[in-house]
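The lines below spell out each chain.
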Amino acid sequence: MKPVRRKPKDARADAVLTEIVRNGVIAVTEEMKTNLMRTAYNMIVYEALDFTVGLYTAEGETVSIGLGLPSFIRGMAETVKAKLAHFGKDGIGPGDILVTNDAYTTGSHLYHFTFSLPIFHRGKLSGFACCMAHWTDVGGVLGGITTDIYAEGLQIPIVKYASAGVVNQDLVDIIRMNVRIPERAMGDLRAQITAVKTGERRFLELLDRYGRDEVLAAIANIMDQSEAAARARTRSIPDGTYEAESFMDDDGVDIGKRVPIKVKVLKRGDEMTVDLSQVSPQVRGFYNSGATTGYSCAQVAYKCLTSPTDYPINEGSFRPLKVILGPGTVVSAVRPAAMRWWMTFPMTVVDTVFKAMEAAIPDRTIAAHHADLLVCLINGISPKDGRLFLAGIGPSGGGFGAKINEDGVSATVCMNDGDTHNHPIEQMEAKYPLLFERHALRENSGGAGRHRGGLGTEQVVRARSPININIQVDRVHCVPWGLAGGHSGAGNQVTLRLKGKEIDNLPNAKVLMQRLDAGDAITIRAGGGGGFGPPEDRDPEEVANDVRQGYVSRDIARDIYRVALDGEGRVDAGSTQRLRGGAASG
């Protein structure tokens, strides 16, 4: 039986159809996500969920993004637009699949392969299905710090992976020859093709059922509604100019040389401008990212401040936002800047935007978080089969900042990676020569405050046979700041245990091409979130509960929160009153 199609004379979409399409496009991207997870070969995709899928209009505007990396809100849309500009609408047709991993197009690193499939409905280009996923290897040097893009691996310009349904086998052969574990790379490639074909099939079903013009009209309605909601929330922010500064520890080359992060936010009426032109110039180390990531920094911050629960995430939400971004900064780097660890600095840019807005809208901002993936890359020869393995410990969860009305969340993957997860310990120990001695919350790591920052985690991982490690953690010295009198959280930290000796005096948390022999270990400590409000304003019963749970020590309860506990851990009301009275009078 043929589906019934709605045919309004003017091809408008009423409220009912608009909501059907709203939920329909979300369902499409969720199914794309599910199919990618079920067919991928590498844990970083099917367990860590380091990918993003989405639907886009025929012009490359975002329709719906499946939960994934928030920083790719802009990156995938700009990649689709770049492919359109490269080929032109007349240069693409049914059965084509476009691909690139160009770091300066996607804004990220070469590990991110992005496939886009143009969706044709009865001969008319009606949208794109897109999938970005992280590959474990794209060639290039295995360890150490890179200082230009050419050392980081295979670069694929914007090309057609398939043309009219015929796969470009020459391209596949080039990719296969330039990766170290080709069977896994090819498996992930096929999984991404499955994802975009799922998006094409399901979106065409929507068009067939309700009519192409009607569905596209509903999408336009959704974007207009998102724009209206964002403008209304923007108007509620006091007009003004808001500024803040922070810094990164260093770029991994010039050790100890801080990298300044300076932002300015201008709010006028129902529009906001985020000025990132004063962020540090691009650096020699591999912490740079492309301009699309700079735009994403502004979009992530703006979305959180204005319409965090408005779904699907789409282009309309960002129409009231303008971004000032000059070329050649750490979030708008130009060739040949190194980009391998692109994701670290942008998180602090977003944190700093929230810091700038705290004076204007304290009820919508959040104290700083640990702001790092804390991933330790490992490689070696497997004692099981004598073959090379490539893997990663993490991402490690850390503490998020507190807000005006609640504590920060603990043990949560950093803002850049949004919906990503850590690799399960059981799988890591089964697949690789590792033993996890400890994985626990980190006591006292959350910044003290009326609302406490979230706690970081601590992992101690021992090598069971020789391995090489590379870890590139920042925000050791720029600890997660508190707001409104809240204290800072603990910074990130890395230590080593080599031949039984603990090494805890590293200048930063960047350890490159370090060999661990059997019995050696690495300890990765994720920072906590900043607190919100004065610690002595925290409810004493909540402090007592924090001590019972092991989140806060008795010393911190007494010295910082000024809460006295008896021998059984209960609040001593009289002593607490004297402690807090002393704080008030001093």
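Everything numeric here is computed off the predicted structure, so don't read it as measured data.

I'd like a description of the overall build of the protein, backed by residues and values.
When helices and strands are counted, the protein shows 13 helices and 20 strands. For 586 residues, the compact-globule estimate of 2.2 N^0.38 gives 25 Å, and the C-alpha radius of gyration of the protein, at 25 Å, lies within 12% of that figure. Once the C-alpha set of the protein is aligned to its principal axes, its extents read approximately 75 × 60 × 45 Å. Out of the 586 residues in the protein, the part that is buried amounts to 59%. Within the protein, contacts between residues at least 6 apart in sequence are counted, and of these 73% link residues at least 24 apart. For the protein, the exposed surface amounts to about 22,400 Å²; the carbon and sulfur share of it is 51%.

Tell me about the nonpolar core, and please be specific about residues and values.
Core analysis: the largest hydrophobic core is formed by 68 residues, its most contacted members being Tyr 56, Leu 276 and Met 357. Of all the elements in the fold, those that place two or more residues in this core are helix H3 (72–87), strand E5 (124–134), strand E8 (240–248), strand E9 (259–268), strand E10 (271–275), helix H8 (291–306), strand E11 (321–324) and helix H9 (344–357). Per-element tally for this core: the top contributor is H9, with eight residues. Each residue touching Met 357, except ones within four places of it in the same chain, is listed here: Ile 237, Tyr 242, Val 265, Met 272, Leu 305, Pro 362 and Thr 365. By size, the runner-up hydrophobic cluster in this structure holds 61 residues, among which are Ile 97, Tyr 111, Phe 115 and Ala 337.

Quick rundown of unusual backbone geometry? Include the residues and the values.
Each neighbour pair has its own omega, and for Tyr 311 with Pro 312 the value is -5°, a cis peptide bond. Locating Pro 312 in the fold gives a position in the loop between H8 and E11. That bond from Arg 335 to Pro 336 is cis: its omega, 10°, falls within 30 degrees of zero. Checked against the element boundaries, Pro 336 lands in the loop between E11 and H9. Although it is not a glycine, Asn 444 adopts a positive phi angle of roughly 65°. By the secondary structure assignment, Asn 444 is in the loop between strand E14 (434–441) and strand E15 (457–463).

Describe in detail a nonpolar patch on the surface, supporting the description with residues and values.
On the surface, Leu 142, Ile 381 and Leu 388 cluster together to form a nonpolar patch covering roughly 230 Å² of accessible area. With respect to the element layout, Leu 388 can be found in strand E13 (residues 388–393).

Residue-level account of the sheet that holds strand E19 (residues 509–516), with values.
Here we have four strands laid out as an open sheet, ordered E13-E12-E16-E19, and antiparallel in their pairing. Of all the strands in the sheet, the pair left with one neighbour each is E13 and E19. Averaged over neighbouring strand pairs, the angle between their axes works out to 10° when direction is ignored. In terms of strand pairing, strand E12 (residues 376–381) meets strand E16 (residues 467–473) through four bridges, oriented antiparallel. In the strand pairing of E16, Cys 376 is matched with Ile 471.

Pulling in residues and values, what's your account of the sheet that holds E9?
Ordered in space as E8-E9-E10-E11, the four strands form an open sheet in which the pairing is mixed. The sheet is open, and its two edges are formed by E8 and E11, each paired on a single side. Put simply, the sheet's adjacent strands are angled 15° from each other on average, direction ignored. Pairing analysis gives four bridges linking E10 to E11, with the strands arranged parallel. Within E11, the position partnered with Asp 275 by the bridge is Ile 324. Against the sheet, H8 contacts E10 and E11, and its axis sits at roughly 145° relative to E11.

Residues and numbers for the environment of Arg 387, please.
Checked against the element boundaries, Arg 387 lands in the loop between E12 and E13. What makes Arg 387 partly exposed here is its relative accessible area of 47%. Sequence separation between Arg 387 and Ile 181 is 206 residues; the distance between their C-alpha atoms is 9.6 Å. Those residues in contact with Arg 387 that sit more than four places away from it in its chain are Glu 183, Gly 380, Ile 381 and Ser 382.

Help me get a handle on the packing of helix H7 (residues 212–235) against H8, residues and values and all.
Contact geometry for H7 and H8: axes closest at 9 Å, N-to-C directions at 80°. When the interaxial angle is binned, H7 and H8 end up roughly perpendicular. Taken together, the residues of H8 that come into contact with H7 (itself represented by Ala 230, Arg 233 and Thr 234) are Tyr 302, Leu 305 and Thr 306. Taken together, the residues of the contact of H7 with H8 break down into three nonpolar, two polar and one charged.

Hey, could you go over the environment of Thr 114 for me, with residue numbers and the actual values?
Tracing the backbone shows Thr 114 in strand E4 (residues 112–121). What Thr 114 contacts, discounting residues up to four positions off in sequence, is Phe 72, Met 76, Thr 79, Lys 83, Leu 98, Val 99, Thr 100, Thr 106, Cys 130, Cys 131 and Met 132.

Explain the packing of aromatic side chains residue by residue, including any values.
Each aromatic ring pair is summarised here by two numbers: the centre-to-centre distance and the angle between the ring planes. For the coordinates displayed, the defined rule picks out six aromatic pairs. Here the aromatic cluster, defined as three or more aromatic residues joined through ring pairs, consists of Phe 286, Tyr 287, Trp 341 and Phe 345. One residue, Lys 160, lies across the ring of Phe 87, its end atom 5.3 Å from the ring centre. Directly above the aromatic system of Trp 481 lies the positively charged group of Lys 355, at a separation of 4.5 Å from the ring centroid.

Residues and numbers for the pairing of strand E20 (residues 521–525), please.
Note on strand geometry: in a regular strand, side chains alternate between the two faces of the sheet. With five of five residues buried, E20 lies mostly within the body of the structure. Here E20 shows a buried face lined by Ala 521, Thr 523 and Arg 525 and a second buried face lined by Ile 522 and Ile 524. Pairing of E15 with E20, which is carried by five bridges, proceeds in the antiparallel orientation. Among the inter-strand pairings, Gln 459 is bridged to a residue of E20, identified as Ile 524. For strand E17 (residues 493–498) and E20, the ladder comprises five bridges, and the chain directions are antiparallel. Residue pairing across strands places Val 494 opposite Ile 524, the latter belonging to E20.

Conventions used here
- Residues numbered from 1 in each chain as written.
- Predicted model: local features only at pLDDT ≥ 70, side-chain atom pairs only at ≥ 80, totals over all residues.
- Heavy atoms only, no water.
- Helix = DSSP H or I, 4+ residues; strand = E, 2+ residues; numbered from the N terminus.
- Rg over C-alpha atoms; globule rule 2.2 N^0.38 Å.
- Buried < 20%, exposed > 50% of the residue type's maximum accessible area, 1.4 Å probe, protein only.
- Contact = heavy atoms within 4.5 Å.
- Areas by Shrake-Rupley, 256 points an atom, 1.4 Å probe, with all protein chains shown as cover.
- Core = buried A, V, L, I, M, F, W, Y, C linked by side-chain atoms within 4.5 Å.
- Patch = residues over 30% accessible without salt bridge, like charges linked within 9 Å, V, L, I, M, F, W, Y side chains within 5 Å.
- Salt bridge = Lys/Arg side-chain N within 4 Å of Asp/Glu carboxyl O.
- Pairing = 2+ DSSP bridges.
- Axes fitted to C-alpha atoms, helices over the stretch in contact; angles between N-to-C directions.
- Parallel < 35°, antiparallel > 145°, perpendicular 65-115°, else oblique.
- Nonpolar A, V, L, I, M, F, W, Y, C, P; charged D, E, K, R; others polar.
- Phe/Tyr/Trp six-rings, centres within 6.5 Å; stacked < 30°, edge-to-face > 60°.
- Lys NZ or Arg CZ within 6 Å of the ring centre and 35° of its normal.

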